[in-house]
Amino acid sequence: MADKQAELEVGGETYDFPTIQGSVGPDVIDIRKLYGTTGRFTYDPGYKSTASCESALTYIDGDEGVLLHRGYPIGQLAEQSSFMEVSYLLLNGELPSKDELDEFSHTITYHTMIHDQMRQFYQGFRRDAHPMAIMCGVVGALSAFYHDSTDISDPEQRKIASHRLIAKMPTIAAWAYKYSVGQPFLYPNNSLSYTGNFLRMTFGVPAEDYEVVPAVEKAMDRIFILHADHEQNASTSTVRLAGSSGANPFACISAGIACLWGPAHGGANEAALNMLREIGTPDRIPHYIERAKDKNDPFRLMGFGHRVYKNYDPRATVMQKTVREVFDALNVSDPVFETALRLEEMALQDDYFVEKKLFPNVDFYSGVILSAIGFPTTMFTALFALARTVGWVAQWNEMISDPDQVIGRPRQLYTGPTARDYVPIGQR
Ligand code: SDX
């Protein structure tokens, strides 16, 4: 629904391009015909001013610190919903009825097992392999076992593949942890919730029954909700780009996992806790804040700053509150939380962070909670990938089912040598 034109004057010519208004957020200038009419490209490395697609899944207002999933504020979903319900919402567009939620949860539960032959994949990794290396490999390998859900032109196969990915991530992630600590794998237990099942597969042992602590289950489920989807972030864009070539969904999600691993993205939760532990006590914070401000020092405050949020990341607000709930439930404390709170307070009083609008993001406090629950830092990004799989899958489905979808193929500004003749080696 273009409601007005954008006029571009270049090379002495004037060109009109339609603008399109979304349901909320900035209008877009439709430049799909720009190259054909002006012979020019736009230039936007990092896509800071580029809308790569149309989507109805998630909306972020970075200035206001607002995050909506299908219109519902993240704070309300985190407090009142469940990860299974949010997964249904992202995939289907509406909150489910009780029967719909029960059926969806049952479907997911009955896809949590993975082909038993896949256990052997783990044996190929070193015990100290990073869990994200294992996740990339094992998730990509799913396409070798589930051929009956790789035909992306078949909506039913897309649905089964989506359910399989959401359902199997907890098993794959839990087994990555078990493998790293040399403990036997536990199979899924269908009598447990999605999140309770994951906790048991991760921390349970065959020698005794595992008791899911309700407060921990609730906190973990909330953490999954907070990581479920987030517009066209780097890993989601990776999944969409991979999917645009017609690659099967398992390969696309494996590509998303690889991208998420980076410390500028999902790897920041691991890096943030490592940073907080390196800082140690609050008296050392000023030194690290000065390092973060120093242009000549590559150090950055991990868990701080965001491409879109120029206000407090609403997920960090919920995360900070959840730290206290988990500490109380487990009757634990961790001085690193006080360091994190003090670091946030001091950074937000510093002109550098204020002027650049750098606030804590989803990764700043999550590691404190995950560490208190018992996860090693190397598992933090694997947990992010576990939760983000529903977002990746929902975005992939949205793209694949768009009849106008085409393969993504950006152009470039070429600054290399112009055409020249080959010089035989004897004449160089
Ligand atoms: C996630 O996109 C998403 O939605 C991602 C995510 C999701 O749910 O999918 O929200 C998850 O990835 C959260 C972000 C996790 N990453 C970190 O916490 C790593 C630390 N933060 C950054 O490296 C950085 O803030 C980014 C990568 C998150 C955003 O980088 P941008 O948008 O490209 O901004 P920038 O690097 O251009 O920074 C702008 C300025 C720069 O200074 P100047 O060159 O203008 O002088 O702010 C500075 C930066 O040096 N800056 C920081 C900083 N982040 C930005 N300085 C110190 N510490 C930081 N953390």
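Residues numbered from 1 in each chain as written. Predicted model: local features only at pLDDT ≥ 70, side-chain atom pairs only at ≥ 80, totals over all residues. Heavy atoms only, no water.

Identification of the protein as Citrate synthase from Aurantiacibacter arachoides is taken from an unreviewed UniProt entry. One UniProt comment on the protein, placed under Sequence similarities (unreviewed entry), says "Belongs to the citrate synthase family." Among the UniProt annotations of the protein, the heading Pathway (unreviewed entry) holds the following wording: "Carbohydrate metabolism; tricarboxylic acid cycle; isocitrate from oxaloacetate: step 1/2." (UniProt positions renumbered as here; feature names shortened; annotations may be inferred.)

J.: Whenever I open this one, the environment of Met399 confuses me. Can you help?
T.: Relative to the elements of secondary structure, Met399 occurs in helix H18 (residues 380-400). Separated by 158 residues in sequence, Met399 and Leu241 have C-alpha atoms that sit 9.6 Å apart. Among residues more than four places away in sequence, those in contact with Met399 are Arg240, Gly243, Ser244 and Gln405. (Helix = DSSP H or I, 4+ residues; strand = E, 2+ residues; numbered from the N terminus. Contact = heavy atoms within 4.5 Å.)

J.: When you look at the sheet that holds strand E4 (residues 58-61) in this model, what are you seeing that I'm missing?
T.: Strand pairing in a sheet relies on backbone hydrogen bonds. The paired strands run either parallel or antiparallel. Strand order in the open sheet formed by 3 strands is E4-E5-E6, and the pairing between neighbours is antiparallel. With one partner strand each, in any of the chains shown, E4 and strand E6 (72-73) form the two edges of the open sheet. (Pairing = 2+ DSSP bridges.)

J.: What is the right way to look at the site of the ligand in this model?
T.: Close contacts around the ligand come from 25 residues, with His230, Leu301, His306, Arg315 and Arg388 the closest. In the model, a nitrogen atom of the ligand is placed 2.7 Å from a nitrogen or oxygen of the Leu301 main chain. Within the shell around the ligand, the residues separate by chemical class into 10 nonpolar, 7 polar and 8 charged. Summarising the domain contributions, the shell around the ligand has at least three residues from each of domain 2 (72-263 + 392-400) and domain 3 (268-373). (Near = heavy atom within 4 Å. Polar contact = N/O pair within 3.5 Å; in protein donor to acceptor, adjacent residues only side chain to side chain. Nonpolar A, V, L, I, M, F, W, Y, C, P; charged D, E, K, R; others polar. Domains from an automatic or database assignment.)

J.: Got a minute to help me understand the UniProt feature "active site" (unreviewed entry) in the protein in this structure?
T.: Summarizing the sequence annotation, UniProt attributes the feature "active site" (unreviewed entry) to His306 and Asp363 in the numbering used throughout. Over a stretch of 58 residues, the named residues converge on one spot in the fold, their C-alpha atoms separated by at most 10.5 Å. Structurally, the position occupied by His306 is in the loop between helix H13 (285-293) and helix H14 (314-330). What His306 contacts, discounting residues up to four positions off in sequence, is His230, Arg315 and Asn361.

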